[in-house]
Every structure is written in structure tokens, then in C-alpha cells.
Amino acid sequence: MKKSTKRVLAMCLTCLVLLGGMFFPVTKSAQATDVITVGTYAEFPPFEYIGDDGEPDGFDIAVIEAIGEVEGFEVEIINMEFKSLIASLSTGSLDAVIAGMTVTDERKQSVDFSDSYYTATQYIVVAKDSDITSLADLNGKKIAVQEGTTGDLLCTPGEDNDVITDENTEVMRFKKGTDAVVSLNNGGVDAVVIDKNPAENFVANNSDKLKLIKDDTSTEEYAIAVAKGDTELLDKINSGLAKIKEDGTFDKLVAEYIEGAEDVETETSGNVIQQFINNLKYVFIDTNGYQLMAKGLGVTIGISFCAGILGIALGFVLALMKLTETRKKRKTVWSRIAGAYIDIIRGTPAMVQLLIMFMVIFRSQYAYIAAILSFGINSGAYVAENIRAGILAVDVGQMEGGRSLGFTYGETMRYIILPQAIKNVIPALGNEMITLVKETSIVGYVAIVDLTKAGDFIVSRTYQAFLPLIAVAIVYYIIVKIMTRILAAIERRLRQSDNR
Amino acid sequence: MIIVKDLKKYFGELEVLKKIDCHIKPGECVVVIGPSGSGKSTFLRCLNRLEEPTSGSILFDGQDIMDRSNDINKIRQKLSMVFQHFNLFNHLTVMQNLTLAPVKQKLMSEEEAKKKATELLVRVGLAEKADVYPAQLSGGQKQRVAIARSLAMNPKAILFDEPTSALDPEMVGEVLDVMKTLAKEGMTMVVVTHEMGFARDVADRVLFMSDGYITEEGTPEQIFNNPQQERTKAFLRAVSNK
């Protein structure tokens with residue numbers, strides 16, 4: 001009974017340490033500084049997408065900035081998962097959302113909507129040779145949609161769906177509209193149902209393969225969402241919207257972003273090699289893919305490096321905490337805390353930890369710090385066990401030898417045990433660091449554009465999956481290769497004393 | 001030099017040392033013999049508290065080593081130990097093995113320690129091995145380095161825990177020779193060993209341990225030529241038949 005109470009206590013303590021970040025000062029007070037934070041999901045061109053500079057751009061972004069200008073507030077755009085947007089409004093980490101969001105009764109229960117700024121229609125995109133002509137034809141087919149969008153609702157069979165009634169209709173939900181289109185291009189689905197403008201965009205970019213089907217079954221209104229009851233901001237947005245509609249700014253933006261969405265024609269050529277080179281040029285040069293990737297590479301290296309240092313430092317401390325148990329030959333408070341930490345961190349997915357760190361603890365702010373902390377904390381648990389194993393692998397005689405010469409436990413650790421343990425630890429530690437670099441590829445989920453996310457963006461901008469993804473894979477491989485080389489060199493040096 | 005009174009040691013429920021009393025005088029070479037499991041090594045390891053005694057008192061050079069207010073690390077500087085498995089620091093050269101403790105514990109300057117180490121290596125016949133790593137030495141050489149390392153601390157006494165048990169037979173002699181010289185020079189030594197020849201030739205006094213007690217003690221002649229206890233006789237018969 002008492003034992004288990006202690007264990008529970010240790011676990012709680014660890015949780016407290018983990019949640020310590022919660023009490024970070026949240027430096028956001030929108031009204032005071034006249035900066036409003038606006039969430040979007042920059043994967044819905046032409047309404048929002050990642051521009052050439054790696055920042056969110058698009059019609060929606062231009063609209064909210066124009067409204068800010070006439071109403072006298074600054075706009076800070078935060079890019080996050082579409083599904084997180086409404087939740088972030090409720091928790092207060094966002095002031096407003098503009099993300100091509102359709103007004104629905106369901107959403108109205110959680111947020112308040114401004115006046116509609118755009119009327120959209122769901123279009124069907126199919127292959128050129130398809131015989132699908134209407135929404136009803138999609139019954140029993142495979143349909144790709146963007147997860148959580150109106151297209152998703154429209155195509156999912158259910159009680160209140162009177163068009164798609166066939167239970168065998170298969171709906172594939174993609175994070176991004178472009179992924180849905182790539183899937184259609186690859187023949188994985190029969191049709192894509194998506195908002196009118198992105199649909200027109202996609203078809204214009206793939207005019208040799210795709211065609212558009214207009215079915216006016218569903219029209220919908222896009223509006224800006226604010227937290228429920230935030231009438232002050234809502235009034236400002238509505239009045240701003242009215243003003244920019246009146247002074248012609250709005251129409252200019254429509255012309256610039258939506259109607260003028262230019263077609264990027266890929267040059268076609270009979271020569272396979274020429275075509276490949278053209279493609280390469282198109283994917284990496286013409287659309288500034290290489291810049292995005294270089295930036296992403298920097299982010300991947302930066303996050304991995306900082307998290308690695310943090311992980312090693314944490315792991316070292318945790319290993320020493322856990323070793324008090326070996327020294328005292330019984331469990332100690334320290335070993336229990338470290339044990340609980342390692343247990344919890346190893347028992348939960350890194351992805352979930354990252355989301356908790358970013359959305360719960362950091363309230364969707366300071367994404368980089370959240371990512372570094374999250375990966376560092378995660379890595380620390382594994383590093384701790386590596387270091388502990390490395391220390392335990394040093395013969396007990398070494399400790400006795402040191403102690404018998406009058407060294408304290410700490411001195412023996414420092415001068416005798418640790419220098420030998422490092423040799424045992426390096427291979428496992430290197431392994432962990434390599435894993436860490438690759439594991440950072442999930443930071444895209446907290447809207448950080450790392451190498452993987454950069455590749456992802458290039459896919460959605462070029463509608464080509466092969467080249468960008470292979471390029472990303474090659475860059476990761478090169479990083480790991482370099483790390484392996486460095487590790488081998490370190491190991492060789494440390495093994496000096498083993499030579500006979 | 002070392003006065004042990006009523007020493008007891010339990011490993012959990014197991015009573016390994018039941019009641020040990022003995023007095024080791026300065027300059028004396030005391031050899032502890034006895035069947036395995038009799039507690040010889042445990043007794044030796046209690047003397048510098050590498051093994052925590054359960055009860056009793058141990059005085060070294062007038063200091064009670066059981067007294068928590070006495071710094072055990074300071075005591076160990078003057079009470080060295082040589083181990084069965086040498087316990088040389090594998091990541092350091094022979095020279096560094098000898099100088100690490102004196103220098104880091106600020107007992108000597110780097111130069112002094114090196115000078116002293118060189119002298120000691122000459123004494124154990126390993127002057128040319130100063131810059132090699134332990135992995136490159138034979139077992140006998142390792143143990144001689146270990147003895148030199150314990151001497152580098154300028155100890156008042158040295159504890160030897162079966163120093164030749166892990167050696168190939170042809171290397172035993174070189175280590176015993178070094179120990180013999182040390183004894184002749186008047187170093188206070190407590191030696192746990194199975195080398196009866198060494199006990200007979202070098203010891204000032206022999207302690208026979210069995211079942212957690214010192215059951216018989218005396219000069220080598222008394223113990224080897226005229227043992228009183230049945231247990232001692234049986235042990236000596238067994239080792240001489242080997």
C-alpha cells in the first residue's frame with residue numbers, strides 16, 4: 001500500500017515537472033496591443049497557401065490584412081491544422097480564423113461567424129475520360145476529399161445525406177486538397193470533391209489529365225470565425241469587411257487571387273531525359289522549391305541539434321538519478337522520479353507528446369521551443385537508459401579501484417567510470433541521435449516547415465510527388481550518413497586504449 | 001596499526017563474519033588463509049570499508065573507520081588495496097594509473113607524482129611500460145602495476161585481496177617477489193592468499209579463518225608445522241595434496 005502510494009507520488013511529480021511549462025507566461029493580449037492572432041491552414045489554394053517566402057499567403061490572408069488596415073489592428077497569421085482551428089479559438093490562443101471556412105450549424109455552436117465574404121460551390125474533379133457527370137454518380141465510387149471540409153460532409157453517406165446514399169461509397173480523407181488531386185492523378189480514386197476555386201486551380205494545372213464537373217447541389221458561404229461571444233472583434237471585422245467591399249479593395253483581391261490565379265504550364269517534350277530535366281527545373285527552381293528545402297533543412301538541423309543537446313543533458317541527469325538505486329541497492333526518491341519519467345515518455349508516442357506540448361502546454365504558441373522541448377524530453381528518456389547501461393557495463397572493479405585509492409563516489413564517476421562509459425554509450429547514443437533527426441519530421445504537425453514539410457509543400461505546389469519526396473529522402477540520408485561518419489571517427493579515437 | 005574488535009558482517013540473513021578480533025602491528029606482514037567461503041575476503045574488504053561492517057569497531061592508525069565523522073576517503077589514501085582482478089583503470093596509461101589519485105587528490109604536484117611513479121615502476125621492473133595501456137600488459141605485469149599504484153599513495157598499510165588468484169601459474173612468482181620485497185622493507189601488509197609458500201616464507205603471522213571466525217593464529221611454524229585445530233589440519237592436508 002505504502003509502496004504503491006510512493007510510486008503514484010513519484011509519477012505525479014514527474015507529471016508536474018512535465019507540465020511545468022504550463023505556467024509559461026502567455027504573452028498575448030490582443031486588444032491591448034491591437035494585434036490579433038488569426039489562424040489559418042495554408043493548404044487551400046488560392047484562399048491560403050505557403051508563398052515563395054515560406055509564409056502563409058492567399059486570398060483569405062489578403063482579406064484579413066485589408067480589414068486590419070481599415071480597422072486599425074495588426075494581424076499575426078498562425079498556420080495550423082484545419083481541425084485545430086476551432087479548438088484554438090475556444091482556448092483563446094487564436095482571436096479569429098480565416099481559412100475558407102464554411103458556415104455550418106455545427107460550427108455555429110462553437111464559434112461566431114462574421115458576414116460571409118465568399119460564396120463557394122463544391123465542384124467535382126474527375127479524370128478526363130471519366131463518365132461521372134454529377135454528384136449522384138459518385139454513389140458507390142471512391143471519392144477523395146479534404147478532411148473535415150464540406151466536401152467531406154457532402155460525400156460521406158449518412159442519415160442527413162440525401163445525395164450519396166450508397167453505403168459502399170468509399171471516402172478517402174486527405175489532409176490537403178492537393179494530396180486528394182495527386183491521388184486522383186495516380187488513379188487511386190474516381191473523383192475529388194472540393195471547393196470551386198481550388199478545384200478550378202487544380203484542373204487548370206493539370207488540364208491534360210483532369211476535368212471539372214459543376215454540380216450546384218451545394219453552395220456555401222465562407223466567413224471569418226471568432227470565439228463565441230467576442231462581439232467586439234466580430235463587429236470590427238464586419239465593419240471592416242463592409243468598408244473594403246465598398247472601396248473596391250475586396251474586388252481587387254478577388255481579381256488578383258481568385259480569378260487571376262495563373263496557370264503554371266509544365267513544358268512538355270517528347271524526350272524523356274529532357275522532360276525529366278524540365279521537371280526537375282520546374283519542381284526545384286521555377287517554383288523556388290530549393291529555397292523551401294534549404295530553409296526546411298536548416299530548421300530540421302536546428303531543431304535536431306538543440307533537442308539532441310537537451311536530450312543528452314537530460315538523459316545524463318536521469319541516468320545518474322536512476323543509478324542512485326544501484327549504489328544504495330534499494331529504490332530512492334531520485335530513481336523513482338527518473339524511472340517514472342522514462343516509463344511515461346517511452347510509453348507514449350513522440351507525436352502525441354509533441355501535440356500536447358504545443359497545443360496544451362504552449363497554447364499553440366512558440367512552436368519551435370515546444371518542438372525542441374518535446375523532442376529533447378522524449379530523447380532524454382532513451383538517452384538515460386543508454387547512458388545508464390553504458391555506466392553499468394563498466395566493471396564494478398573500476399569503482400572499487402577508484403574508491404580504494406581515496407576517491408569519493410563522484411570523483412570515481414568523473415575520473416574513472418564516465419570516461420570508460422562514454423565508449424560504451426557512443427554507439428547507442430549515435431543511434432538515438434540519428435533516430436531523433438528523422439523523428440523531427442513530424443514537426444509539420446505543429447506548423448513548422450522542416451525538411452519533410454518543405455517537401456510536402458513542394459508536392460502541393462507542383463502536383464508532383466516523386467521528385468520532391470525523393471529529394472527529401474536523399475537529404476535525410478546524407479545527414480544520417482555524415483553523422484555515421486562522425487560517430488565512427490569518435491569511436492575510433494575512444495577505442496585507443498583497447499589496442500593490444 | 002589496525003585493531004579490529006568484535007567485527008560482524010551480515011549479507012542479508014547470512015552471517016559471514018561472526019566475531020573477528022585481531023591486532024595488526026606496524027611493519028607486520030599478516031597472511032590470512034582458510035577455506036573458501038570462510039569470510040577472508042569479506043574481512044579484508046571490511047578493513048577499508050569497501051564492504052560495510054554490520055557491527056564492531058575497526059581502528060586504523062588510531063582513527064575509528066566506523067565513525068562517520070572520520071572521512072573514509074582520507075583513511076583509504078593511507079590504506080591501499082590490491083585486488084584479485086587488478087582493477088587498473090583501462091582508459092589510462094600505466095603512468096596515468098599511478099599519478100591520477102595523488103594528483104587529483106592534491107597530495108602531490110604533477111611532477112612529483114610522475115617522479116615517484118617512475119621510481120615505483122623501476123622498483124616493480126616495469127619502467128619501460130609507463131606509456132602503454134593496461135590492455136597491452138600480461139596479468140603479472142598488471143598486478144605489479146596495481147601494487148605500484150597502491151604504493152604511489154605512500155600508504156601506511158596495504159591490503160592484498162588474493163593478488164595471485166587470477167594469474168597464470170608462471171606469472172605468480174613475479175608478483176610474489178615484489179610483495180616479498182615490500183614485506184622485507186617493513187611495509188604493513190594484510191594478505192589474503194592461497195599461496196602457502198608465500199605464507200610460510202614471508203608472513204610474520206598467519207591467521208586461519210573458518211566459518212566467520214579466526215579459529216587459529218600463530219607464526220608460520222606454529223600453523224604449518226604444528227596446527228592445533230582439526231579444521232586447520234584438514235585444510236592444510238587438502239591444500240598440500242593438491
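Every value quoted in this text rests on a predicted model; they were computed, and no experiment measured them.

Below, the discussion takes up the confidence of the model for chain A. All names here are of chain A. For chain A, per-residue confidence averages 84 on the pLDDT scale, and residues scoring 70 or more make up 89% of the total. Throughout residues 15–32 the model reports pLDDT below 50, and contacts reaching past four residues in sequence, or to other chains, amount to 21 contacts. This stretch, residues 261–267, has a pLDDT under 50; its non-local contacts, to residues over four places away or in other chains, come to eleven contacts.

Here we take up the packing of helix H12 (residues 289–328) of chain A against helix H18 (residues 451–462) of chain A. All names here are of chain A. Viewed as axis vectors pointing N to C, H12 and H18 meet at an angle of 160 degrees, and their least axial separation amounts to 7 Å. Comparing the axis directions of H12 and H18 gives the class roughly antiparallel. At the point where H12 passes H18, the crossing takes the right-handed sense. Between H12, through Gly289, Leu292, Met293, Gly296, Leu297 and Thr300, and H18, the contact on the second element is made entirely by Leu451, Ala454, Phe457, Ile458 and Arg461. Residues belonging to the contact of H12 with H18 are distributed by class as follows: seven nonpolar, three polar and one charged.

In this complex, chain B contributes 24 residues to the contact, which on the side of chain A involves 21 residues. Approximately 2000 Å² of surface area, both sides summed, lies buried where chain B meets chain A, with 56% of it carried by carbon and sulfur atoms. Per-residue buried area on chain B facing chain A is highest for B:Asn73, B:Phe89 and B:His91; these three make up 26% of the total on that side. Linking chain B with chain A are one salt bridge. Notably, a salt bridge pairs A:Glu400 with B:Arg45, separated by 2.6 Å at the nearest N-O pair. Taken together, the links from chain B to chain A amount to six residue pairs in polar contact (both at pLDDT 80 or more). Breaking the side of chain B that touches chain A down by element, the ones donating at least two residues are helix H2 (72–78), strand S6 (79–82) and helix H3 (94–104) of chain B.

Residue and element names in this part refer to chain A. Spatially, three strands are ordered S2-S3-S4 in an open sheet, and the strand pairing comes out antiparallel. At either margin of the open sheet sits one strand with a lone partner, and together these are strand S2 (43–44) and strand S4 (56–57). Summarising the sheet, strand S3 (residues 48–50) and S4 pair through two bridges and their orientation is antiparallel. Within the sheet, the bridge partner assigned to Ile50 lies in S4 and is Pro56.

Conventions used here
Residues numbered from 1 in each chain as written. Chains lettered and ligands numbered in written order. Predicted model: local features only at pLDDT ≥ 70, side-chain atom pairs only at ≥ 80, totals over all residues. Heavy atoms only, no water. pLDDT = per-residue confidence, 0-100. Contact = heavy atoms within 4.5 Å. Axes fitted to C-alpha atoms, helices over the stretch in contact; angles between N-to-C directions. Helix = DSSP H or I, 4+ residues; strand = E, 2+ residues; numbered from the N terminus. Parallel < 35°, antiparallel > 145°, perpendicular 65-115°, else oblique. Left-handed = near helix turned anticlockwise from the far one by under 90°. Nonpolar A, V, L, I, M, F, W, Y, C, P; charged D, E, K, R; others polar. Buried area = accessible area lost by both parts, 1.4 Å probe. Salt bridge = Lys/Arg side-chain N within 4 Å of Asp/Glu carboxyl O. Polar contact = N/O pair within 3.5 Å; in protein donor to acceptor, adjacent residues only side chain to side chain. Pairing = 2+ DSSP bridges.

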